[in-house]
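# A closer look at the structure
Each chain is listed here by its residues.
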Amino acid sequence: MGLFDRHAALAERYRTARQAGIDPVGVEMQRVLSPTEAIINGKRTILVGTNNYLGLTFDKSCIDAAVAATIAEGTGTTGSRIANGSYSEHEALERELAQFFGFRHCMVFSTGFQANVGTIATLVGEGDYLVIDADSHASIYDACKMTAATIIRFRHNDPTDLDKRLRRLGDAPGNKLVVVEGVYSMLGDKAPLKEICAVTKKHGAYLLVDEAHSLGVCGEKGRGMVEEDGILDQVDFIVGTFSKTLGAVGGYAVSNHPDFDLLRVTTRPYMFTASLPPSIIASVRQALRVVQARPELRQKLWHNVNTLYDGFANAGFTLGPEKGPVVAVHLPDVDTGLAVWKALLDNGIYVNLAVPPATPNSTVLLRCSICAAHSDEQLAHVVDVLSGIAQELGVLPREPLRAAAAG
Amino acid sequence: MTNDRATGQDDIFAEITKRLEPFRKGETPITLDTDITRDLNIDSLAVMDMIMELEDRFDVSIPLNVVAEIKTVRELADTIGSIRRPA
């Protein structure tokens, strides 16, 4: 058996799609012009699939901070925090994040993926229980493979099912860690954190919330769903990323647990990876200040979420269950998904195509992520173009169903 | 089929078979030795859905690490049986 033979079915699907000139996983942004526009295939294209929720990748103050840090401290750290030393800026960012959330401890990781894998896989071990939402991100599933803890899945966003599963564990010895996400990346739906937290605490378990898609997006001060649902004082661990709202790359975990810092000498994805370069740390520190200083960006983001979600709903599309920074359009099958995605790109609109097994319930989704920097005109154009394509391909009836919208 | 299964695990086998019927390849019947992913037209997501239904039916949680090891209907039935009545 050849090295890649086990991937034969996947290889065939990928080859077929590419032969048809459709390659959603190989898009080249020839030139990125702004948070909402790039040149793709030589064409000026509206970006609606970047996770760049507040548009901070081009914020002048963040760019200036990154440039100044590069000039002052060089391009990279060339080593890990424990082996090669921390820069003062790493420590400053950790203090600022801890302060932002009102927690005592913070650790910065080199990616959000590593923050999840490292934190989760280290917190629980043999004899413990890791209880995860069924629709968890790949980084959470990979954490499951890296721990000797027993893994229990509960139905997506279902506190009753979580309650059942924690009850079944009874008084088994061992720590129990419940892991959920504040906002789920495929459908943009929010976790019912108040209920999940109550059930978790009732059974004496710990709660970890991944706020990758909710930092700067949800909560009065942008502190995520834990703030919006009022459980900041009860959640045990918050994990998040710098690669979405904060416009760079990296991850973090915060906690009040007195022994949290032990993770620094036990978590391998933290210990054996080069730390983030000065430019990244500087732009993230500045982006965190912008999140706090400019709540109007969050308001604009939600205005845009409403515009796109309502626009799609009025056009007759089937969408994710609630409004969120990700708006997902349901399509009937993978072939239709590929055709719609390609037609959108040919018309100068870039979105993400999500197909099974990465999607809940084997659905095919056009995943649109909204940016505060989108204009009303851009979003209206996206609704018009997608509606036209959907009618052309028979996904929507020829006449828009305005009267039956969102039904 | 052993006596133990006849007295204790028939209901588990029946519940599994009922849920796997729609995924049968042709007329081949589902037996204890049916390999769930190899002998049936079922994808991994449908397997996980079926397992969640069985967990509710028998009020057990089958750990994900255990699910990964289950290949046949017999192994699934035995797993549910052992969790339901710990030794």
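Quick look at the structure, then. (Residues numbered from 1 in each chain as written. Chains lettered and ligands numbered in written order. Predicted model: local features only at pLDDT ≥ 70, side-chain atom pairs only at ≥ 80, totals over all residues. Heavy atoms only, no water.)

## Some points on the interface of chain B and chain A
The interface of chain B with chain A comprises 13 residues on the first partner and 16 residues on the second. Taken over both partners, the interface formed by chain B and chain A buries close to 1300 Å², and the fraction arising from carbon and sulfur atoms is 47%. When the buried surface of chain B facing chain A is broken down by residue, Met-52, Ser-61 and Leu-64 of chain B rank first, second and third, together holding 40% of it. Along the contact surface separating chain B from chain A lie six salt bridges. Measuring nitrogen to oxygen at the nearest pair gives 2.7 Å for the salt bridge that ties Asp-56 of chain B to Arg-155 of chain A. In this assembly, chain B and chain A are joined by 13 residue pairs in polar contact (both at pLDDT 80 or more). (Contact = heavy atoms within 4.5 Å. Buried area = accessible area lost by both parts, 1.4 Å probe. Salt bridge = Lys/Arg side-chain N within 4 Å of Asp/Glu carboxyl O. Polar contact = N/O pair within 3.5 Å; in protein donor to acceptor, adjacent residues only side chain to side chain.)

## Some details on empty space enclosed by the protein
Considering all chains together, one arrives at two cavities of 30 Å³ or more under this definition. Empty space within the largest cavity amounts to approximately 70 Å³. Lining the largest cavity, in full, are Arg-81, His-90, Val-108, Phe-109, Ser-110, Pro-269, Tyr-270, Thr-273, Ala-274, Ser-275 and Leu-276 of chain A. Those elements giving two or more residues to the lining of the largest cavity turn out to be β4 (105–109) and α10 (268–271) of chain A. Per-class residue counts for the lining of the largest cavity are six nonpolar, four polar and one charged. Lining the second largest cavity are Arg-153 of chain A together with Met-48, Ile-51, Glu-55, Ile-62, Leu-64 and Val-67 of chain B. (1 Å grid on protein atoms, 1.4 Å probe; cavity = no way out; pocket = protein on both sides within 12 Å on 5 of 7 lines; lining within 4 Å. Points joined across faces, edges and corners; volume = space filled by probe spheres on them. Helix = DSSP H or I, 4+ residues; strand = E, 2+ residues; numbered from the N terminus. Nonpolar A, V, L, I, M, F, W, Y, C, P; charged D, E, K, R; others polar.)

## Quick notes on the pairing of strand β7 (residues 176–181) of chain A
All names here are of chain A. Of all six residues making up β7, six are buried, and the element is well covered by its neighbours. Where burial is concerned, the two faces of β7 agree: the one with Lys-176, Val-178 and Val-180 and the one with Leu-177, Val-179 and Glu-181 are both buried. As paired elements, β7 and strand β8 (residues 206–210) share five bridges and run parallel to each other. Bridged to Val-179 within β8 is Leu-208. Running through helix α8 (residues 193–202), the crossover from β7 to the neighbouring parallel element β8 is right-handed. (Buried < 20%, exposed > 50% of the residue type's maximum accessible area, 1.4 Å probe, protein only. Pairing = 2+ DSSP bridges. Right-handed = clockwise from strand over helix to strand, strands pointing away.)

## Some thoughts on the layout of surface pockets
What the largest pocket holds in volume is close to 1300 Å³. Lining the largest pocket are 36 residues; nearest its centre among them are Ala-134, Tyr-141, Arg-153 and Pro-357 of chain A together with Leu-45 of chain B. Residue assignment for the lining of the largest pocket shows that the elements contributing at least two residues are α6 (138–145) and β6 (150–154) of chain A together with α2 (44–58) and α3 (64–67) of chain B. Each pocket or cavity is described by its volume, and for the second largest pocket that value is around 570 Å³. For the second largest pocket, the lining is made up of 19 residues, of which Leu-10, Arg-13, Tyr-14, Val-25 and Val-355 of chain A are closest to its centre.

## Details of the pattern of salt bridges
A side chain of one charge can pair with a side chain of the opposite charge if their charged atoms are brought near each other. Considering all chains together, one arrives at 34 salt bridges over all chains under this definition. Residue Asp-59 of chain B is joined to Arg-168 of chain A by a salt bridge in which the shortest nitrogen-to-oxygen separation is 2.8 Å. Here Asp-59 of chain B, found in the loop between α2 and α3, pairs with Arg-168 of chain A, found in helix α7 (residues 159–169), and the two come from separate chains. Overall, Asp-59 of chain B belongs to the partly exposed group, its relative accessible area being 36%. A salt bridge links Arg-24 of chain B to Glu-21 of chain B; the shortest N-O distance between them is 2.9 Å. Residues joined in a network through salt bridges with shared partners are Arg-155, Asp-161, Lys-164, Arg-165, Arg-167 and Arg-168 of chain A together with Glu-55, Asp-56 and Asp-59 of chain B.

## Brief notes about the sheet that holds strand β11 (residues 326–331) of chain A
Residue and element names in this part refer to chain A. Read from one edge of the open sheet, three strands run β11-β14-β13, paired in antiparallel fashion. The sheet terminates laterally at β11 and β13 (352–354), the two strands that pair on one side only. When strand polarity is set aside, the average angle formed by the axes of neighbouring strands in this sheet is 30 degrees. In this sheet, strand β14 (residues 364–369) lies alongside β13 in antiparallel orientation, the contact comprising three bridges. Considered in β14, the bridge of Ala-354 is made with Leu-365. (Axes fitted to C-alpha atoms, helices over the stretch in contact; angles between N-to-C directions.)

## Focus: the packing of aromatic side chains
Residues and elements named next belong to chain A. What the rule picks out here adds up to six aromatic pairs over all chains. With a centroid separation of 5.0 Å and an interplanar angle of 75 degrees, the aromatic rings of Phe-100 and Phe-101 are classed as edge-to-face. Just as Phe-100 is buried, Phe-101 falls in that class too. Summarising the aromatic geometry, the rings of Phe-237 and Phe-260 are spaced 6.2 Å apart at their centres and angled 35 degrees between planes, so their arrangement reads as tilted. With Phe-237 in strand β9 (residues 237–241) and Phe-260 in the loop between β10 (251–255) and α10, this residue pair connects regions lying 23 residues apart in the sequence. According to the relative accessible area criterion, Phe-237 is buried, its value standing at 5%. The structure contains a cluster of three or more aromatic residues connected by ring pairs, namely Phe-100, Phe-101, Phe-242 and Tyr-252. (Phe/Tyr/Trp six-rings, centres within 6.5 Å; stacked < 30°, edge-to-face > 60°.)

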